[in-house]
Protein chains: 2
Amino acid sequence: MKTKKEVTIYDIAQQLDISTATVSRALQNNPVINKNTRRKIQEAARELGYRQNTFASNLRKQKTNTIGIIVHELNSNFITSVLAGIEKVTADAGYDLLIAHSSESFKKETANVLNLFHKRVDGLIASLAFDTRGLDHFQSFFDKNIPVIFFDRVEEKADNTKVIIDNFKAGYQATKHLIEQGCKRIVIVTASLSRNVYAERLRGYKEALRERQIKFDENLVLIKDLSEKCGREAALQILQMKPRPDAAFITNDFSAAVCMQTLKEKGIRIPQDIAIVGFNNDAICKIIEPQLTTINYPGMDIGEMAARNLIAHLKGDTDIRQTNTIIAKSELIIRQSSLKKGKK
Amino acid sequence: MKTKKEVTIYDIAQQLDISTATVSRALQNNPVINKNTRRKIQEAARELGYRQNTFASNLRKQKTNTIGIIVHELNSNFITSVLAGIEKVTADAGYDLLIAHSSESFKKETANVLNLFHKRVDGLIASLAFDTRGLDHFQSFFDKNIPVIFFDRVEEKADNTKVIIDNFKAGYQATKHLIEQGCKRIVIVTASLSRNVYAERLRGYKEALRERQIKFDENLVLIKDLSEKCGREAALQILQMKPRPDAAFITNDFSAAVCMQTLKEKGIRIPQDIAIVGFNNDAICKIIEPQLTTINYPGMDIGEMAARNLIAHLKGDTDIRQTNTIIAKSELIIRQSSLKKGKK
DNA sequence: AGAAAAAATGCAACTGATTGCATAAAAATA
DNA sequence: TATTTTTATGCAATCAGTTGCATTTTTTCT
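Computed from a predicted model, the values in this text were never measured in an experiment. (Residues numbered from 1 in each chain as written. Chains lettered and ligands numbered in written order. Predicted model: local features only at pLDDT ≥ 70, side-chain atom pairs only at ≥ 80, totals over all residues. Heavy atoms only, no water.)

**Q** Can you help me understand the relation of the copies chain A and chain B in this one?
**A** The two chain copies are related to each other by a rotation about an axis together with a translation along it. Aligned on chain B, chain A shows an RMSD of 0.3 Å; the corresponding rotation is 180 degrees and the shift along the axis is 0.2 Å. In symmetry terms, the pair is related by a two-fold rotation axis. A shared interface surface links the copies, since 100% of the contact residues of chain A are contact residues in chain B too. (Least-squares fit on C-alpha atoms with pLDDT ≥ 70 in both. Contact = heavy atoms within 4.5 Å.)

The structure is reproduced here in structure tokens:
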């Protein structure tokens, strides 16, 4: 069965015996066209089953009305809420989204950036992959002055607009909380320190220790990849440490859950023997036992802020070149896994 | 700072003093153009920083080389593996993906379908939202003969290509396993029976009961929405049933986990008092305690199959109108949560 | 060398919508 | 009624590639 031919503005123009210019303007609801004519044209369009050809339009307008999004993964509560936040804002402003995920691979991230560049997105919102170093692969965007906004995983030194939480403070709060529970030997499991979020969390951890005159012990810092395997490995390493640590701050809920479970299997009681704090406030926190103390990471807010900021740039309200760091509020959520001193 | 003008094939043509036709063909690596000329053109393109204008290309070719994807949610292991599977296949074939998620809302799904239609995706891969009824909102695609392939959540009666697992068998296996563990009063928690997957799982459940001469009890069927809240509610309902059930088959891992946790809080031992089986084999299964028996849902395979099939349609190898149901293999994965009779 | 076949390149129409500028029509003013 | 002003519409170029067909160039064969 042959596909019917597409209806174009030429068809509408012909049917109503007017010019395509008028049709085009009417369909955009341009007030320069007479109200009645506009209505007539819009009706005809509906009847004929007209759908505008985005390519022709984009081609001519040299704009896509599309925002590209690059994330490191899709399957986390945090990322999905960020996306929801972005969607909320962009939908209102009439922008479409093009979502690409890098699966934590720098190579794939580079490919995605290039792809979105070729697709000519009007702007970009990105969170970097695990092993991304530098921002050279975004150069094409910078060169063309296409606004890029980073969130969560950003390049700290770089001169860009970014939306983040205060990871230093989060690390500090988590650690301080553990110290207040009487913990002295606190393991921190985190990821590559060249990624801002992890470096900052560690800095906060150190500061909390310093403040309470607890000596920082290099051996208690485990640099991992925050995967499932990593949770298990961390648990085993903790078990071999002597003397045994009395707390662990694991900067990812999923890893923390796996770690906790492994420890439990080995007969460690949580929080009595080892108190645990995670990071992100994923759904899993409330399902495992004991429930996981964690840092709430306000994805929705972050997404909204990033999107709002980007749109402001696109409208020319602000200059993208002016560096801008937006800090979202995060907070410690205390649950059973860290409460050594009885119930809250 | 002004944005530099884009480089077009006209610029390349001018520089090399040849026609744009040749340039266009050379950039597509069309063998009809002399090898040396091709190389020369491609080099020039690279040097000038040419990037092809997808819109002009799409406009002329009347194809987008883009496949639309509609899913009900993003944050589940299952969906992310499906996406990975789709990506693997489509990337090779040179297609781009446009991913939209409906957040389980029919309204949003409808909007997404329309949007992808306007974006003129060459084909569609979709899993329906929770409350979707019928496929009328896909009519525009059907009318234009644009191939649509459904997976997981499909409309069973409809005449379309779909990739699913044998939900009947899965339900049957899960139930049979529980019966073999000595369970007699098995609760099944599932969702709206107008959604194929859930109806089939229930049918399998019934069949297993019938086979073992256990009377089907309407009251043991809980129709819910498989959310977090639902898990808790189910647990409370189970606790109030008299006599108390000795097993629960909860057709979603996350809900199962919440349910299990709630039961445990109320002093129920799992699996001794109540055995539990989930569905999907999400990461959570291995984190909760006891680990959750479940049905493995091979997302990656399903994604690959769907994509492969769609691409075959697009290439004209097969006729989209010929209905085609592809069944992926699923299997019961036995863990602690259901083992009443000692270790495996 | 000349004719035929094969290979390489070019011409120009085409895709569908947008928009600056010109013109026509209608309304307001003198 | 003639003239100016305002409002509405149309002309035609433009966006950047793609492709059927014609033409030119090169190679092969007799």
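Now that the structure has been shown, we can carry on.
**Q** Mind showing me how you'd approach the environment of Thr262(A) here?
**A** Residue and element names in this part refer to chain A. Structurally, Thr 262 is set in helix H11 (residues 253–265). Setting aside residues up to four positions removed in sequence, Thr 262 forms contacts with Arg 232, Ala 235 and Leu 236. Only 2.8 Å separates the side chain of Thr 262 from the backbone oxygen of Val 258, close enough to count as a polar contact. (Helix = DSSP H or I, 4+ residues; strand = E, 2+ residues; numbered from the N terminus. Polar contact = N/O pair within 3.5 Å; in protein donor to acceptor, adjacent residues only side chain to side chain.)

**Q** What is the right way to look at the protein's contact with DNA strand C in this model?
**A** Among the 28 residues in the neighbourhood of DNA strand C, the closest are listed as Ile9(A), Ser24(A), Arg25(A), Tyr50(A) and Arg60(A). When the atoms of DNA strand C within 4 Å of the protein are grouped by moiety, sugar and phosphate amount to 61% of the total. Within the contact set of DNA strand C, a phosphate oxygen lies 3.3 Å away from a side-chain nitrogen or oxygen of Ser57(A). Taking Arg25(B), its side chain carries an N or O atom lying 3.2 Å from a base oxygen of DNA strand C. (Near = heavy atom within 4 Å.)

**Q** Would you mind going over the protein's contact with DNA strand D with me for this structure?
**A** Contacts to DNA strand D come from 27 residues, most closely from Thr22(A), Arg60(A), Ser24(B), Arg25(B) and Arg60(B). Restricting attention to atoms of DNA strand D within 4 Å of the protein, one finds that 61% of them are sugar or phosphate atoms. Arg25(A) is positioned with one of its side-chain polar atoms (N or O) 3.2 Å from a base oxygen of DNA strand D. Side-chain polar atom of Gln62(A) to a phosphate oxygen of DNA strand D: 3.3 Å apart, as the coordinates give it. Listed by contribution, the elements that provide at least two residues to the surface near DNA strand D are helix H2 (20–27) and helix H4 (54–61) of chain A together with helix H1 (9–16), helix H2 (20–27) and helix H4 (54–61) of chain B. The element best represented in the surface near DNA strand D is H4(B), accounting for four residues.

**Q** Looking at this model, I keep getting lost on the interface of chain A and chain B. Mind explaining?
**A** By a frequent convention, interface size equals the accessible area lost on bringing the separate parts together. Across the boundary between the two partners, chain A contributes 46 residues, which contact 46 residues of chain B. With both sides pooled, the region where chain A packs onto chain B buries about 4,500 Å², and carbon together with sulfur makes up 54% of that total. Together, Arg51(A), Phe55(A) and Arg120(A) form the three largest contributors to the area buried by chain A at its contact with chain B, with a combined 18%. At the boundary of chain A and chain B, one finds 12 salt bridges. Lys264(B) serves as the salt-bridge partner of Glu289(A), at 2.9 Å between the closest nitrogen and oxygen. Our count for the contact surface shared by chain A and chain B stands at 19 residue pairs in polar contact (both at pLDDT 80 or more). Residue assignment for the side of chain A that touches chain B shows that the elements contributing at least two residues are H4, helix H5 (77–93), strand S2 (96–101), helix H6 (106–118) and H11 of chain A. Its residues placed into classes, the side of chain A that touches chain B shows 16 nonpolar, 16 polar and 14 charged. (Buried area = accessible area lost by both parts, 1.4 Å probe. Salt bridge = Lys/Arg side-chain N within 4 Å of Asp/Glu carboxyl O. Nonpolar A, V, L, I, M, F, W, Y, C, P; charged D, E, K, R; others polar.)

**Q** What's the story with the packing of aromatic side chains in this structure? I'm lost.
**A** To describe a pair of aromatic rings, one takes the distance between the centres and the angle between the planes. Residues and elements named next belong to chain A. Summed over the entire model, instances satisfying the criterion amount to 16 aromatic pairs over all chains. Linked through ring pairs, Phe 78, Phe 249, Phe 279 and Tyr 297 together constitute an aromatic cluster. The cationic tip of Arg 201 hangs over the ring face of Phe 279; the distance from NZ or CZ to the ring centre is 3.6 Å. Over the face of the ring belonging to Phe 216 we find Lys 206, whose NZ or CZ atom lies 4.8 Å from the ring centre. (Phe/Tyr/Trp six-rings, centres within 6.5 Å; stacked < 30°, edge-to-face > 60°. Lys NZ or Arg CZ within 6 Å of the ring centre and 35° of its normal.)

**Q** Explain the UniProt feature "domain: HTH lacI-type" (unreviewed entry) in chain A here, please?
**A** Taken from the UniProt record, the annotation "domain: HTH lacI-type" (unreviewed entry) applies to residues 7–61 of chain A. With 69% helix and 0% strand, residues 7–61 of chain A has end C-alpha atoms that lie 20 Å from one another. (UniProt positions renumbered as here; feature names shortened; annotations may be inferred.)

**Q** Can you help me understand the state of the cysteines in this one?
**A** What makes a disulfide is a covalent bond joining the sulfur atoms belonging to two cysteines. Here the structure, examined in full by the defined rule, presents zero disulfides over all chains. For Cys285(A), which is in no disulfide, the shortest distance to another cysteine sulfur is to Cys259(A) and amounts to 14 Å. Not engaged in a disulfide, the cysteine Cys230(B) finds its nearest cysteine sulfur in Cys259(B); these two sulfurs lie 8.0 Å apart. (Disulfide = S-S within 2.5 Å.)

**Q** Before we go on, may I ask you to explain the pattern of salt bridges in this structure?
**A** Side chains that carry opposite charge are capable of pairing whenever their charged atoms lie near each other. Scanning all chains against the criterion turns up 42 salt bridges over all chains. The shortest N-O distance in the salt bridge between Glu87(B) and Lys108(A) comes to 3.0 Å. Here Lys108(A) lies in helix H6 and Glu87(B) lies in helix H5 (residues 77–93), a pairing that spans two chains. Taking relative accessible area as the criterion, Glu87(B) reaches 18% and is therefore assigned buried. Judged by relative accessible area, Lys108(A) falls into the partly exposed class, the value being 28%. A salt bridge links Lys88(B) to Glu304(B), with the nearest nitrogen and oxygen atoms 2.9 Å apart. (Buried < 20%, exposed > 50% of the residue type's maximum accessible area, 1.4 Å probe, protein only.)

**Q** How should I be thinking about helix H3 (residues 35–48) of chain B in this particular structure?
**A** Three or four residues apart is the spacing at which side chains of an α-helix point the same way, because the helix has 3.6 residues per turn. Residue and element names in this part refer to chain B. Helix length check: H3, at 14 residues, gives a terminal C-alpha distance of 20 Å against a target of 20 Å (1.5 Å per residue), a fit within 8%. If you follow the buried residues of H3, they end up packed against H1 and H2. Looking one or two places after H3, you find Gly 49, whose phi comes out positive at around 75 degrees. (Expected span 1.5 Å × (residues − 1).)

**Q** Looking at this structure, I do not really get the packing of helix H8 (residues 167–180) of chain A against helix H9 (residues 196–211) of chain A. What am I missing?
**A** How two helices pack is summed up by the angle between their axes together with the distance between the axes. Residue and element names in this part refer to chain A. For the pair H8 and H9, the least separation of the axes is 7 Å and the interaxial angle reads 40 degrees. On the basis of their axis angle, the class for H8 and H9 is oblique. Viewed along their axes, H8 and H9 form a crossing whose handedness is right-handed. Here Asn 167, Phe 168, Gly 171, Tyr 172, Thr 175, Lys 176 and Ile 179 of H8 lie close against H9, whose contacting residues are Val 197, Glu 200, Arg 201, Arg 203, Gly 204, Tyr 205, Glu 207, Ala 208, Leu 209 and Glu 211. Among the residues making up the contact of H8 with H9, the classes are represented as seven nonpolar, four polar and six charged. (Axes fitted to C-alpha atoms, helices over the stretch in contact; angles between N-to-C directions. Parallel < 35°, antiparallel > 145°, perpendicular 65-115°, else oblique. Left-handed = near helix turned anticlockwise from the far one by under 90°.)

**Q** Is there a simple way to think about the environment of Leu193(B) in this case?
**A** All names here are of chain B. Inspection of the secondary structure assignment puts Leu 193 in the loop between strand S6 (186–191) and helix H9 (196–211). C-alpha separation for the pair Leu 193 and Lys 88, spaced 105 residues apart in sequence, amounts to 33 Å. Leave out the neighbours within four places in its chain, and Leu 193 touches Tyr 198, Ala 199, Leu 202 and Ile 223.

**Q** How do you make sense of the nonpolar core when you look at a structure like this?
**A** When a protein is soluble and globular, its nonpolar side chains tend to lie buried together. Counting residues in each nonpolar core, the largest one holds 154 residues, and the members touching the most others are Phe151(A), Leu263(A), Ile276(A), Phe151(B), Leu263(B) and Ile276(B). For Ile276(A), the contacting residues outside a window of four places in its chain are Ala248(A), Ile250(A), Ala256(A), Met260(A), Leu263(A), Ile270(A), Leu292(A), Thr293(A), Ser337(A) and Ser338(A). Formed by 35 residues, the second largest nonpolar core is a distinct cluster that contains Phe117(A), Val154(A), Val113(B) and Phe117(B). (Core = buried A, V, L, I, M, F, W, Y, C linked by side-chain atoms within 4.5 Å.)

**Q** Got a minute to help me understand the domain arrangement of chain A in this structure?
**A** All names here are of chain A. When its domains are assigned, chain A resolves into domain 1 (9–52), domain 2 (64–164 + 299–328) and domain 3 (167–297 + 332–338). Using C-alpha coordinates to define each centre, domain 2 is positioned 29 Å away from domain 3. Contacts between the two partners involve 15 residues from domain 2, matched on the other side by 15 residues from domain 3. Counting the surface lost from both domain 2 and domain 3, the interface buries some 1,200 Å², and carbon and sulfur atoms represent 46% of this. (Domains from an automatic or database assignment.)

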